[in-house]
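# Structural characterization, general
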Amino acid sequence: MQRLVHEFNILLRYFAFWLIICFIDRAVFIASFSEKIGEGGFMDVLEIYWHGLSLDFSVAAYICAIPFLFYFLSYFIPKMRWGLKPLHVYTMLVLILFFLTMFINVNIYREWGDKISKRAVDAVLEDAMGALASAESTPIFIPIMGIILGVGLSYWLYTTLFKNLRYRNFHKPTAVVLLFVLIAGLLFTFIRGGYGRAPLNPSRAYFSSEAFYNHAAVNTQYALLKEYFSSNRRNHSPYLYFEPEERKKILKPVFTQAQDSSLQILTNTRPNIVLLVLESFTADLVESLGGEKGVSPNLEKIMQQGVFFQHIYATSDRSDKGIIGIFSAFPGQGPESIIKYIDKHENLPGMGQELDSLGYRSAFYHGGQSEFYNMKSYMLAHGVEEVIDNHNFNPLEERSSWGVYDHVVFNRMLKDIQKEKQPFFYSLFTLNNHEPFTLNNGYKFGDKSNADKFRSTAYYTDSVIMDFLEQAKKTAWYKNTLFVLVADHGHRLPSEKFDITHPNRFHIPMVFFGEVIKPAYRGLKVEKIGNQNDLLATLFKQLGIPAYRYRWSRDLLDPQTPSIAFYNSKNSFGIIQQDQEISYDQVGNSINYMKNKDYPKSKTDSLLNIAKAYYQEVYQDFMNY
């Protein structure tokens with residue numbers, strides 16, 4: 001009996017050790033974003049810990065399970081009695097992974113608004129240099145020292161707790177079986193979170209209307225491992241709300257448009273098209289969109305002379321989804337991204353394909369690596385004849401950590417267009433307004449903070465675009481060219497006022513510009529609320545191209561088009577109308593943001609049902625491709 005108690009005590013101490021490590025993980029996360037803790041202060045933190053406890057217990061139990069099984073197998077297989085070295089090595093390896101994940105998670109949450117996920121890890125594995133470039137916007141010394149100190153001090157705690165530990169084995173099989181049943185039962189209980197029908201999942205930790213509190217309560221390692229071991233999202237939708245006929249009925253009013261009621265703003269239906277996708281150009285950078293003054297003065301001039309869409313929202317939160325939203329008018333898919341799967345994105349219809357069939361010559365320009373996010377394969381599979389990227393420039397050209405500077409790329413595109421036959425479709429995806437916001441020739445707003453650097457790279461992007469347009473005005477093709485400017489997604493900077501659940505985080509500029517626009521419509525401000533994926537149908541209507549293959553795109557110049565927009569991230573989605581804006585958390589199954597709390601509940605519920613049906617149908621399309 002005494003031996004039984006001794007062995008049980010060892011497991012209890014090992015379990016408690018990992019529980020402490022889980023607590024440290026949460027403490028580091030909360031401390032890193034302490035400004036998000038409300039007036040409740042310490043009591044709020046305690047509540048976060050309390051609601052996250054079941055997930056912490058599960059993680060600790062998972063970690064304990066492997067040495068537990070090893071120990072009992074060694075009773076039956078004497079050759080496995082290797083002493084305590086395997087346990088020491090195992091503990092050190094898990095600690096390294098634990099603290100590495102811990103500090104990477106902090107940086108990802110700061111930049112993306114979501115905790116570390118399979119998608120983030122896949123992005124790192126796909127392009128480690130690109131991920132490193134993103135991380136440069138955060139001081140690297142702090143996380144490195146945190147990992148070293150965290151692993152070192154934790155291992156010291158481990159050796160202190162087990163300094164008197166000796167490797168022993170039972171001599172009586174009955175005692176082994178008894179201890180095995182007892183410990184296995186406890187570990188199974190903690191891993192599963194109880195014995196009800198519903199297994200443990202991250203939503204168990206959700207308790208607040210404040211998104212950050214819920215994110216802090218969810219154990220980082222638990223959520224990440226669950227993603228890796230859950231069923232393949234290619235074939236299993238996270239949006240399960242309505243039967244097919246019911247969701248089609250809910251969505252019909254939103255996507256029903258009158259025929260031939262659109263404004264015709266172009267002088268002809270076959271202009272050249274130059275599409276400029278602006279990296280991270282959030283509305284907070286544009287004064288006319290409620291943003292800061294002086295950051296994008298040239299864009300302000302362009303909007304005053306073109307057709308300016310005031311209420312446009314990015315389909316999602318990252319470039320991979322923004323590119324698909326713009327070029328294929330396909331909305332974001334939450335935890336998935338269709339561009340990752342070549343076999344799927346090849347089946348999407350695309351802007352380049354339609355224009356290619358009409359005789360448009362086409363090319364896509366990007367100063368970075370076009371293989372990132374499969375952009376190159378997507379463009380080439382969708383009618384774009386040539387992709388110009390980092391590899392096509394002289395190694396001596398001016399570069400940042402991501403690739404060739406935007407002004408160099410714009411100059412190359414301008415030079416190439418001069419040789420091109422008309423009509424042409426040229427597109428460019430800017431680069432420099434991305435973490436780590438590098439500029440070699442000085443920062444307009446200084447470089448003391450990431451927000452100042454971000455303002456400065458946005459100002460640089462704004463200047464480069466105007467330089468390009470001024471040079472283009474001297475060419476013969478300029479008068480018959482429509483320039484389209486749209487951002488790929490929003491950003492937390494420069495204001496850092498909006499988290500990933502807030503619609504303002506997704507508010508972006510979109511403008512049509514050029515002498516090919518009828519004089520009567522230059523300076524037009526379009527009040528219609530819409531998404532960047534509505535760009536395609538709006539443009540195609542002007543060109544007289546059918547857009548029936550793009551079911552998620554609507555003509556924003558049609559007065560009959562409903563004024564509505566959608567947005568999503570990994571675990572939440574939102575809907576925007578003039579009188580109400582809602583964000584819904586899938587994990588917690590609750591509304592986590594509501595603009596108008598006095599809005600009738602029945603109308604709010606109806607609006608939420610539209611968003612649910614929208615993303616369920618979008619994801620069904622994703623699975624079908």
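All figures in this text were calculated on a predicted structure; none of them were measured in a lab. (Residues numbered from 1 in each chain as written. Predicted model: local features only at pLDDT ≥ 70, side-chain atom pairs only at ≥ 80, totals over all residues. Heavy atoms only, no water.)

On to the pattern of salt bridges, then. Inspection of the entire model under this criterion finds 17 salt bridges. A salt bridge links Arg455 to Glu292; the nearest nitrogen and oxygen atoms lie 2.6 Å apart. Of this pair, Arg455 sits in helix α17 (residues 450-472) while Glu292 sits in the loop between β1 (272-278) and α11 (297-305); the two residues are 163 residues apart in sequence, bridging distant segments of the chain. On the basis of relative accessibility, which here comes to 26%, the residue Glu292 falls in the partly exposed class. Through salt bridges that share partners, Arg247, Lys248, Arg551, Glu617 and Asp621 make up one connected network. (Salt bridge = Lys/Arg side-chain N within 4 Å of Asp/Glu carboxyl O. Helix = DSSP H or I, 4+ residues; strand = E, 2+ residues; numbered from the N terminus. Buried < 20%, exposed > 50% of the residue type's maximum accessible area, 1.4 Å probe, protein only.)

Overall, antiparallel pairing links the four strands, which are arranged β9-β10-β11-β12 in an open sheet. Edge positions in the sheet fall to β9 (565-568) and β12 (590-594), since each of these pairs with one other strand and no more. Put simply, the sheet's adjacent strands are angled 20° from each other on average, direction ignored. As defined by bridge partners, strand β10 (residues 572-576) adjoins strand β11 (residues 581-585) across five bridges and the pair is classed as antiparallel. What sits directly across from Phe573, in β11, is Tyr584. (Pairing = 2+ DSSP bridges. Axes fitted to C-alpha atoms, helices over the stretch in contact; angles between N-to-C directions.)

Let us look at the packing of helix α3 (residues 85-112) against helix α6 (residues 141-161). Interaxial distance between α3 and α6 falls to 9 Å at its minimum, and their mutual angle equals 150°. Crossing of α3 over α6 shows right-handed handedness. Mapping the contact onto sequence places Leu87, His88, Thr91, Met92, Leu95, Ile96, Phe99, Leu100 and Phe103 in α3 and Pro143, Gly146, Ile147, Gly150, Val151, Ser154, Tyr155 and Tyr158 in α6. (Left-handed = near helix turned anticlockwise from the far one by under 90°. Contact = heavy atoms within 4.5 Å.)

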